[in-house]
Amino acid sequence: MKKRKLGNSGLEVSAIGFGCMGLNFAYSQKLDKKDSIQILRAAVERGVTFFDTAEVYGPYTNEEIVGEALAPFTGKVVIATKFGFKKDAWKELDSRPAHIREVCEASLKRLKVDSIDLFYQHRVDPEVPIEDVAGTVRDLIQEGKVQHFGLSEAGVKNIRRAHAVQAVTALQSEYSLWWREPEEQIFPVLEELGIGFVSFSPLGKGFLTGKISTEDEFESGDFRKMVPRFQRENLIANEAFVDLLKEVAGEKNATPAQIALAWILAKKKWIVPIPGTTKIGRLNENIQSDEVDLSSDELQRIETYVSRIQARGERYPEDLQRRIDR
């Protein structure tokens, strides 16, 4: 597995990370603890060194699984986790300094580590000045409880304000062939400030793998069931993205998922996608995308094709859409 550095921070991680949320949260296909540990350790064996979790995934159980699975690899892997929601009420924001500290202590125990490698604010809290958030994490870094500070789904103004107090190592936001908004305003600022970018949902929550049929019905408990972009009429319109990926994949002896990930890797050297999976076969497939090289002509062809189509449907239901910082 190739390595990448997240911006100017010096934090080096595998070019493809592992998003742990889907192991037991948000999707219908959940793994038990034993199988979750097995796939996480399989990822390490295959060269993955970057793992992403959060206290609210479960809540709490995802961190516990990650902590147990990766305990034998302390010092060899980078674990990112997040704060920013109220205790036992994860739909409500809470980035008060005292609560950040409380979350940090609890996450350290669940992850079985002495210091959190990368600590993200999960969503910007409009009730707490971002300077107070960054200052609190700065103090935690000085105390050795955190190594790096990150933001998730933050807008340009808050990125700049936070970075002025404590260097932001990485911004995590959704980014894929069918959600490219970060390119417009976010990427130029990250490049200017030397901040890395972590792409979650790089496979469009599974859609860009080409394995989701427009006739599929998502089970109860699957987050995608309430996402506008996954409503049948929108899926039908969005099939154009999958058609492109299948076409390029056929020519490259690859899979649509591998082309989707290779495309992200080709965009900027400081971008790291974190696809998640519950299957060893998919894990292998994702990792192998690191070996797929897209030529400048192929990249231009993709750009030309995509410029003619537009993704249909919002990526979040309305209540969650309001939490995205602008």
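Residues numbered from 1 in each chain as written. Predicted model: local features only at pLDDT ≥ 70, side-chain atom pairs only at ≥ 80, totals over all residues. Heavy atoms only, no water.

**Quick look at the packing of aromatic side chains**
Taken as a whole and assessed by the stated rule, the structure comprises 13 aromatic pairs. In this structure an aromatic cluster arises from ring pairing among Tyr175, Phe187, Phe197, Trp263 and Trp270. The residue whose ring lies beneath Arg229 is Trp178, and the NZ or CZ to ring-centre distance is 4.9 Å. (Phe/Tyr/Trp six-rings, centres within 6.5 Å; stacked < 30°, edge-to-face > 60°. Lys NZ or Arg CZ within 6 Å of the ring centre and 35° of its normal.)

**Here's the deal with unusual backbone geometry**
Following Gly58, the chain continues into Pro59 via a peptide bond in cis, with omega recorded as 0 degrees. Relative to the helices and strands, Pro59 is located in the loop between β4 (50–52) and α2 (61–70). Phi is positive for Lys112, which is not a glycine, with a value near 60 degrees. Along the chain, Lys112 falls in the loop between α3 (97–111) and β8 (116–121). Phi angles above zero are rare outside glycine, and Lys205 is one such case at about 55 degrees. As for its placement among the helices and strands, Lys205 is situated in the loop between β11 (196–200) and α7 (232–252). (Helix = DSSP H or I, 4+ residues; strand = E, 2+ residues; numbered from the N terminus.)

**Considerations on the pairing of strand β9 (residues 146–152)**
Where a strand is regular, its side chains alternate between the two sheet faces. β9 sits mainly inside the fold: six of its seven residues count as buried. Read from β8 through helix α4 (residues 130–142) to β9, the crossover connection turns out right-handed. Sheet topology places β9 next to strand β10 (residues 168–174); four bridges connect them, and they run parallel. Across the sheet, Leu151 pairs through a bridge with Leu171, a residue of β10. (Buried < 20%, exposed > 50% of the residue type's maximum accessible area, 1.4 Å probe, protein only. Right-handed = clockwise from strand over helix to strand, strands pointing away. Pairing = 2+ DSSP bridges.)

**Quick word on empty space enclosed by the protein**
For the structure shown, the criterion picks out three cavities of 30 Å³ or more. The calculated volume of the second largest cavity comes to roughly 40 Å³. Around the second largest cavity, the lining residues are Ile16, Gly17, Phe18, Val48, Pro275, Thr277, Leu283, Asn286 and Ile287. In terms of residue count, the dominant contributor to the lining of the second largest cavity is helix α9 (residues 280–288) (three residues). Here the residues of the lining of the second largest cavity sort into six nonpolar, three polar and no charged. (1 Å grid on protein atoms, 1.4 Å probe; cavity = no way out; pocket = protein on both sides within 12 Å on 5 of 7 lines; lining within 4 Å. Points joined across faces, edges and corners; volume = space filled by probe spheres on them. Nonpolar A, V, L, I, M, F, W, Y, C, P; charged D, E, K, R; others polar.)

**A short note on the nonpolar core**
Ranked by size, the top nonpolar core spans 84 residues in total, and within it Phe50, Phe119, Leu151, Ile159, Leu177 and Leu190 carry the most contacts. Not counting residues up to four positions away in its chain, the partners in contact with Leu190 are Ile159, Leu171, Ile195, Gly196, Phe197 and Trp270. In this structure, Cys20, Ile37, Ala42 and Phe51 belong to the second largest nonpolar core, which totals 21 residues. (Core = buried A, V, L, I, M, F, W, Y, C linked by side-chain atoms within 4.5 Å. Contact = heavy atoms within 4.5 Å.)

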